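# Topology and contacts: notes
One-letter residues, chain by chain:
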Amino acid sequence: MRGVGDARMPAARERYEVALHCDHCRRSTVHLVTPGEGGVSRVTCIVCGRVQAVNTLGFMEQYTENVVRRLLAKPFDIRTEFSRSPREFIASLPGRVLTKPFRVAAELRATMDIIRPRRRSARPPAAIAPPPIGVLAPLDRRCRILLSAPLLWAHTSTEIIDTAHELGYDGVELWAYQLLREGTDAGALAARARRLDLTVAVHALSWDLNPTSHVDSIKAASLGALHRSVELAGALEARLVVMHPGHTTVPHDDAETYWPVLIDTVQEIADHAARLGIMVGVEHMEARQTEFVITPDHANRLVDEVNRPNVGTVLDIAHIPWGQDEVMFITQLNRVVHVHLSDADESRLHLPLAQGERNLVRVLAALHDFQDAIALEGFSISSGVELARWNKAQFEELWRASVESVATT
Ligand SMILES: [Zn+2]
Ligand SMILES: [Zn+2]
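What comes next is a walk through the structure. Treat the numbers as computed from the prediction; the structure is a model and nothing was measured. (Residues numbered from 1 in each chain as written. Chains lettered and ligands numbered in written order. Predicted model: local features only at pLDDT ≥ 70, side-chain atom pairs only at ≥ 80, totals over all residues.)

## Overview of the overall build of the chain
Looking only at helices and strands, the chain features 11 helices and 13 strands. Here the chain holds 409 residues, and the buried ones make up 38% of them. Here the contacts in the chain between residues at least 6 apart in sequence split such that 72% fall between residues at least 24 apart. (Helix = DSSP H or I, 4+ residues; strand = E, 2+ residues; numbered from the N terminus. Buried ≥ 20, exposed ≤ 12 C-beta atoms within 10 Å, placed from the backbone. Contact = placed C-beta atoms within 7 Å.)

Put into structure tokens, the structure is as follows:
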């Protein structure tokens, strides 16, 4: 991941996030509600991806049910919180009394928008009948969806793992840089992820590094940092470690002279990882000066020449040169072992999903049979889980659209 996208949320375009009880998750989870024709709303659980088409009455039933459930749960909350720390509980009461009504009011406003009869008399009645009421068929998906740590950059690795579980991700891609800085016990993190049944991948140290540098001390330090990342991945019981290839030291150098060092480096890292039972994914980088692993040909050449069973390519959708056909790029890669997914437009990379101009439905259709992990990438420096939640919700919708598009072609 390189460029930093603008992570602001867009104005809600007639789509609402409402807490509802999900029969599949068996708890109150955030749902995305899209009002449609004929008073029928599409209700998506962003945690498990379950989609329902409900009419206004059905929606109100679910909404009320969840409110009642929350009210019923209240006395228990109060009792446990009070017995835990009476002083803290009482001190926090005025704040709760002040903020709660606002939250409830915002949610109620959304609810009123959803159930309000759509007054669009200028428009002719829809030719297509509204979708039948009920739960849409669940989709099969063989890939696992990971929460990439920079989506929650202001949070600790422990919080990232907990949020991933909370939002229905299948795993996390933790960043070695963050882990080493916070100094969290890797064994404890591994145990936590294992308990929550989350897949772990590690993004190796990459900023400041250049393992193919013509400056010997930089090359040696970079190699050392990569080995440290592999060790960390081992302690975290990670399945895969993501690394960046090196780049040229002199902007106009002939990249050919760097290839032998790159191959040696990746082989050395791969052999270390193999002893720990870890896969190595080498990312293809964005097209710019000094980078020399950019095209599918470069990525395939690297995998071929390294020639190790535990090495493959990390497909980064953001790094596909703008204007190139994404599906063509994807199908030209011989051995994709991991994917980084984010949106982009002509000038910005790593945007939140559905906020750029990539045709992600087409991209996901091309990854329909992919069996490894897809990490949702982006960058949020402010605390809060909004971006991680947004990306998960968008992914569920995009995946459904992609499966439908595969079915109709
Ligand atoms: Zn990266
Ligand atoms: Zn659910």
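## Thoughts on the sheet that holds strand β9 (residues 240-243)
Strands sit in the order β6-β7-β8-β9-β10-β11-β12-β13 around a closed barrel of eight strands; the barrel is parallel. With strand direction ignored, the average angle separating the axes of adjacent strands in the sheet is 30°. Contacts between helix α7 (residues 259-275) and the sheet are confined to β9, β10 (279-283) and β11 (311-316), with β10 contributing the most and set at about 150° to the helix. (Pairing = 2+ DSSP bridges. Axes fitted to C-alpha atoms, helices over the stretch in contact; angles between N-to-C directions.)

## Observations concerning the environment of L209
Residue placement: L209 occurs in the loop between β8 (199-203) and α6 (216-235). Residue L209 is classed as buried on the basis of its 22 C-beta neighbours within 10 Å. Separated by 38 residues in the primary sequence, L209 and H247 have C-alpha atoms spaced 9.2 Å apart. Not counting residues up to four positions away in its chain, the partners in contact with L209 are S222 and A225.

## What about the sheet that holds strand β1 (residues 16-22)?
Ordered by their spatial adjacency, five strands build an open sheet running β1-β2-β3-β4-β5, and the pairing between neighbours is antiparallel. Single-partner strands in this sheet number two, and they are β1 and β5 (134-135). One ladder, built from two bridges, connects strand β4 (residues 51-54) with β5; its direction is antiparallel. Paired with A53 across the two strands is G134, which belongs to β5.

## Observations regarding the pairing of β10
Sheet faces and side chains relate simply in a regular strand, where the side chains alternate between the two faces. In terms of residue burial, β10 counts as a mostly covered element, since five of its five residues are buried. Here β10 shows a buried face lined by M279, G281 and E283 and a second buried face lined by V280 and V282. In this structure, β9 lies alongside β10, joined through four bridges in parallel fashion. Looking at β10, one finds that V242 is bridged to G281. Handedness of the β9-α7-β10 crossover: right-handed. Relative to β11, β10 runs parallel, the two sharing four bridges. Bridge pairing in β11 links V282 to T313. In terms of handedness, the path from β10 via helix α8 (residues 296-306) over to β11 forms a crossover that is right-handed. (Right-handed = clockwise from strand over helix to strand, strands pointing away.)

## Considering α8
Among all positions of α8, only A299, L302, V303 and V306 are buried. Here the buried residues of α8 occupy an arc of 95° about the axis, which is enough to place them on one side. Those residues of α8 that are exposed and aimed more than 90 degrees away from the buried face are D297 and D304. Close packing links the buried residues of α8 with α7, β10 and β11. With its phi angle positive at about 50°, N307 sits one or two positions after the end of α8. (Arc of directions from axis to C-beta.)

## Concerning the packing of α7 against α8
Between α7 and α8, the shortest axis-to-axis distance is 9 Å and the interhelical angle comes to 60°. The pairing of α7 with α8 is recorded here as oblique in orientation. The hand of the α7/α8 crossing is right-handed. The residues of α8 that touch α7, namely those facing I263, V266, Q267 and A270, are L302, E305 and V306. Classifying every residue of the contact of α7 with α8 gives five nonpolar, one polar and one charged. (Parallel < 35°, antiparallel > 145°, perpendicular 65-115°, else oblique. Left-handed = near helix turned anticlockwise from the far one by under 90°. Nonpolar A, V, L, I, M, F, W, Y, C, P; charged D, E, K, R; others polar.)

## What about the packing of helix α3 (residues 157-166) against helix α5 (residues 186-195)?
Two elements in contact, α3 and α5, have axes whose closest approach is 10 Å; the angle formed by their N-to-C orientations is 5°. One finds that α3 runs roughly parallel with respect to α5. Residue-level contacts link S157, T158 and I161 of α3 to L189, R192 and A193 of α5. Considered class by class, the residues forming the contact of α3 with α5 number three nonpolar, two polar and one charged.

## Some remarks on the pairing of β8
Extensive coverage of β8 is indicated by the burial of five of its five residues. Of the two faces of β8, the one carrying T199, A201 and H203 and the one carrying V200 and V202 are both buried. Where strand β7 (residues 171-175) and β8 come together, five bridges link them in parallel fashion. Among the inter-strand pairings, L174 is bridged to a residue of β8, identified as V202. Two elements, β8 and β9, share three bridges in a ladder whose sense is parallel. Directly across from H203, in β9, lies its bridge partner V242.

## Comments concerning unusual backbone geometry
A positive phi is found at E237, a non-glycine position, where the angle reads about 55°. With respect to the element layout, E237 can be found in the loop between α6 and β9. On the basis of neighbour counts, which here come to 18 C-beta atoms within 10 Å, the residue E237 falls in the partly exposed class. If you check the backbone angles, T290 has positive phi at about 80° while not being a glycine.

Honestly, it's all geometry; don't read function into it.
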